[in-house]
4 protein chains.
Amino acid sequence: MNQLNTWQQWMEYGNISIPVILLKHYSSLGINEEECMLLLHIHSFVEKGQAFPTPDELAERMTLSSPECFFTIQGLLKKGVLEISESSAGDVREESYSLMPLWNSLINKLEKENQREKIETTMK
Amino acid sequence: MNQLNTWQQWMEYGNISIPVILLKHYSSLGINEEECMLLLHIHSFVEKGQAFPTPDELAERMTLSSPECFFTIQGLLKKGVLEISESSAGDVREESYSLMPLWNSLINKLEKENQREKIETTMK
Amino acid sequence: MNQLNTWQQWMEYGNISIPVILLKHYSSLGINEEECMLLLHIHSFVEKGQAFPTPDELAERMTLSSPECFFTIQGLLKKGVLEISESSAGDVREESYSLMPLWNSLINKLEKENQREKIETTMK
Amino acid sequence: MNQLNTWQQWMEYGNISIPVILLKHYSSLGINEEECMLLLHIHSFVEKGQAFPTPDELAERMTLSSPECFFTIQGLLKKGVLEISESSAGDVREESYSLMPLWNSLINKLEKENQREKIETTMK
């Protein structure tokens, strides 16, 4: 009975999908494992409708402290794989994270590899 | 045109699903970000039909070296969140990773939390 | 350039995860393809934060008309694989779909199969 | 205890990811619910490493008979949203389904919509 309730909780939290390309290429974008996990946490929050998780909320799920989360986020913003968008509805200004720069970096990475391979094939 | 080819590659690699519960609770299981990423890599290999990726194959996708991957795997086996299963077909012995101990640890974690909450509710 | 914008849209819509068990066993729960697609549409809306899509919104994505969506939903509620939950915040009453009965039906289905197999093994 | 085994089975079958864009636009590609479910079944088989499921294997998971599956597949091949690829290793010729034409049709659909919107915006 209890078992079932626990399992229901599991189902309610659900799953998130992550592109295999991210797993394959994050390290070649200069992203390490801690940074990649932080990006996955942000992805997960955003997908579940919470577009701007705080460093505190992120730290609660990680082995990093809240200030460490803050600094890691700053690093990801500087590396250009994370973006903060602002929107305003009336007087309320809302911020949200976007992972679009990450997906763009990955597709550019793939694109360059394909071109290099094409050139190498032509030169043979 | 090139763009399309790159995008096709993206689609062919596909996505993997990960339970949100893993993201929420890995740190409370004593797993850090590097270890969690390694588990996600193994999950991704297994899901795509490669049940026993080598430390070399894992290291290629990570910022860790091959020996570091090996030691991290040893640690995860000791922590009881990763398992190696053996099967044999004729003379061929095959090994494969199983993440079942990880899913079990997570569901037990949830179960305990639910029981604690129930007790706390009763005692009020 | 345009290509990129289209691709960004694709990424923004994202993916939803569906349990393979659902694909494997919906028909043995007396659910047909139209009904299963309707459940997937509801799952998708709920996952993306819209917990109570209207028949109109569902019909827009399907080959069914709005009244046909309505009747199919009624059928799924009667079959006990879909549920409407009500919650109220102040004066506002909110309804939302829950697929928990579907997940429960599937796990019960699996459970029964396992028990039957066990009995059959014992009797040999 | 039994419960746990059933849950383990659930986890072992795992999840598949499907693009929300597919759910949003299949009907505008002239695909109905039965056809879409068939495509999802093929996607699921392919993702789990079985690249060429037979009509029998598909019928086992559907309310359609094996011949109905066969004819629906023929229809999808004609509509150009499904493709059969052939590869040969030595004397062995292997066939596999590819959903790439489906993903391409969807991205083209999006592309056209974006262009139309752009033209409409310019004309205002």
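As shown above, the structure is provided for reference.
Residue numbers run consecutively from 1 along every chain, following the written order of its sequence. Chain labels run from A onward and ligand labels from 1 onward, assigned in the order the entries are written. It should be noted that, the model being predicted, local features are given only for residues of pLDDT at least 70 and side-chain atom pairs only at 80 or more, the latter also being counted only at that level, while totals for whole chains, interfaces and linings use all residues. Only hydrogens and water are removed before side-chain values are computed, so all heavy atoms of the structure are retained for them.

(A) Molecular detail of the overall build of chain A. Across its full length, chain A holds 6 helices and 3 strands. Helix and strand assignments follow DSSP, with helices taken as H or I runs no shorter than four residues and strands as E runs no shorter than two, numbered in order from the N terminus. Going from N to C terminus, chain A has its helices and strands arranged as α-β-α-α-α-α-β-β-α. For this measure, only C-alpha atoms enter the radius of gyration; the expected value for a globule follows 2.2 Å times N^0.38, where N is the number of residues. Against the compact-globule benchmark of 14 Å for 124 residues, chain A has a radius of gyration of 18 Å, which places it well outside the compact range. Referenced to the eigenvectors of the C-alpha coordinate spread, the extents of chain A come out at roughly 65 × 45 × 30 Å. Per-residue burial for chain A yields a buried fraction of 45% across its 124 residues. Contact criterion: two residues are considered in contact whenever any of their non-hydrogen atoms come within 4.5 Å of each other. Pairs at least 24 apart in sequence give 50% of the contacts found in chain A among residues at least 6 apart. Carbon and sulfur atoms make up 49% of the accessible area of chain A, which totals about 6,300 Å². Think of it this way: Lys and Arg go in the positive column, Asp and Glu in the negative one, and His and the chain ends go nowhere. Where a charge lies is defined by one atom per residue type: Lys uses NZ, Arg uses CZ, Asp uses CG and Glu uses CD. Side chains of chain A give 11 positive and 18 negative charges; the mean places of these two sets differ by 12 Å. Throughout, exposure labels follow a simple rule: accessible area from a 1.4 Å probe, protein chains only, divided by the maximum for the residue type, with under 20% read as buried, over 50% as exposed, and the rest as partly exposed. Working definition of accessibility: Shrake-Rupley area with a 1.4 Å probe, residue cover restricted to the visible protein chains.

(B) Expanded view of the interface of chain D and chain C. Between chain D and chain C, the contact holds 41 residues from the first and 41 residues from the second. The quantity reported as buried area is the accessible area (1.4 Å probe) lost by two parts once they are put together, taken as the sum for both. Buried surface at the junction of chain D and chain C, both sides included, amounts to about 4,100 Å², of which 62% is carbon and sulfur. Looking only at chain D, the three residues that lose the most surface to chain C are Trp10, Val20 and Glu33 of chain D, adding up to 17% of its buried area. Every case where a carboxyl oxygen of Asp or Glu lies within 4 Å of a side-chain nitrogen of Lys or Arg is listed as a salt bridge. Applying the counting rule to chain D against chain C returns 0 salt bridges. Contacts described as polar in this section are N or O atom pairs within 3.5 Å, which, within protein, must combine one atom able to donate a hydrogen with one able to accept it, while residues neighboring in sequence count only if both atoms come from side chains. Inspection of the region where chain D meets chain C yields 17 residue pairs in polar contact (both at pLDDT 80 or more). Listed by contribution, the elements that provide at least two residues to the side of chain D that touches chain C are α1 (2–13), β1 (15–19), α2 (20–25), α3 (33–47), α4 (55–61) and α6 (100–123) of chain D. Examining the composition of the side of chain D that touches chain C, we find that 8 residues originate from one element, α6 of chain D, more than from any other. Of the residues belonging to the side of chain D that touches chain C, the class tally is 19 nonpolar, 14 polar and 8 charged. Note that Gly is not counted as nonpolar here; it falls among the polar residues with everything else outside the nonpolar set of Ala, Val, Leu, Ile, Met, Phe, Trp, Tyr, Cys and Pro and the charged set of Asp, Glu, Lys and Arg.

(C) Quick look at the packing of α3 of chain D against helix α5 (residues 66–79) of chain D. Residues and elements named next belong to chain D. Only the stretch in contact is used when fitting a helix axis, every axis being a line fitted to C-alpha atoms; angles between N-to-C directions are given from 0 to 180 degrees. Following both chains from N to C, one finds α3 and α5 inclined at 90 degrees, their axes separated by 10 Å at the closest point. Viewed along their axes, α3 and α5 adopt a mutual orientation that is roughly perpendicular. Residue-level contacts link Glu35, Leu38 and Leu39 of α3 to Cys69, Thr72, Ile73, Leu76 and Lys79 of α5. Any angle that is under 35 degrees is reported as roughly parallel, and any over 145 degrees as roughly antiparallel; angles of 65 to 115 degrees are reported as roughly perpendicular and all others as oblique.

(D) Local environment of the side chain of Asn114 of chain C. Relative to the elements of secondary structure, Asn114 of chain C occurs in helix α6 (residues 100–123). Here the side chain of Asn114 of chain C touches Gln9 of chain D through a polar contact of 2.6 Å, side chain to side chain. When residues no more than four places from it in sequence are discounted, the contact partners of Asn114 of chain C are Thr6 and Gln9 of chain D.

(E) Broad picture of the relation of the copies chain D and chain C. It takes a turn of 180 degrees to lay chain D on chain C, together with a shift of 0.0 Å along the axis; the resulting RMSD is 0.0 Å. In short, the pair behaves as if placed about a two-fold rotation axis. The position closest to the rotation axis in chain D is occupied by the C-alpha of Ser17 of chain D, lying 2.2 Å away. Here 100% of the interface residues in chain D have copies in chain C that are interface residues too; the copies meet face to matching face. Residues reaching a pLDDT of at least 70 in both copies supply the C-alpha atoms on which the copies are superposed by least squares.

(F) Structural view of the nonpolar core. Trp10 and Trp103 of chain A, Trp10 and Trp103 of chain B, Trp10 and Trp103 of chain C together with Trp103 of chain D are the most contacted members of the largest nonpolar core, which totals 140 residues. Excluding its chain neighbours within four sequence positions, the residues that come into contact with Trp103 of chain C are Trp7 and Met11 of chain A, Pro19, Leu22 and His43 of chain C together with Trp10 of chain D. The nonpolar core is taken to be a set of buried Ala, Val, Leu, Ile, Met, Phe, Trp, Tyr and Cys residues, with the residues joined through side-chain atoms within 4.5 Å.

(G) How the structure looks around the environment of Leu22 of chain A. Residues and elements named next belong to chain A. Summarising the element assignment, Leu22 is placed in helix α2 (residues 20–25). Its relative accessible area of 1% is what places Leu22 among the buried residues. Taking the C-alpha atoms as reference points, Leu22 and Trp10, separated by 12 residues in sequence, lie 25 Å from one another. Aside from chain neighbours lying at most four places away, what touches Leu22 is Cys36, Leu40, Leu102, Trp103 and Leu106.

(H) Region of the structure containing α5 of chain D. All names here are of chain D. For α5, with 14 residues, the first-to-last C-alpha span of 20 Å sits near the 20 Å given by 1.5 Å per residue. Turning to α5, its buried residues number three or more, namely Cys69, Thr72, Ile73 and Leu76. Within α5, the buried residues cover an arc of 105 degrees as seen down the axis, which keeps them to one side. Turned more than 90 degrees away from the buried face of α5, the exposed residues are Phe71 and Lys78. Along its buried surface, α5 packs onto α3, α4 and β3 (92–98). Once α5 finishes, Gly80 follows within two positions and takes phi at roughly 75 degrees, a positive value. Residue count minus one, scaled by 1.5 Å, sets the expected span of a helix. Summarising the geometry, the arc corresponds to the directions from the helix axis toward the C-beta atoms.

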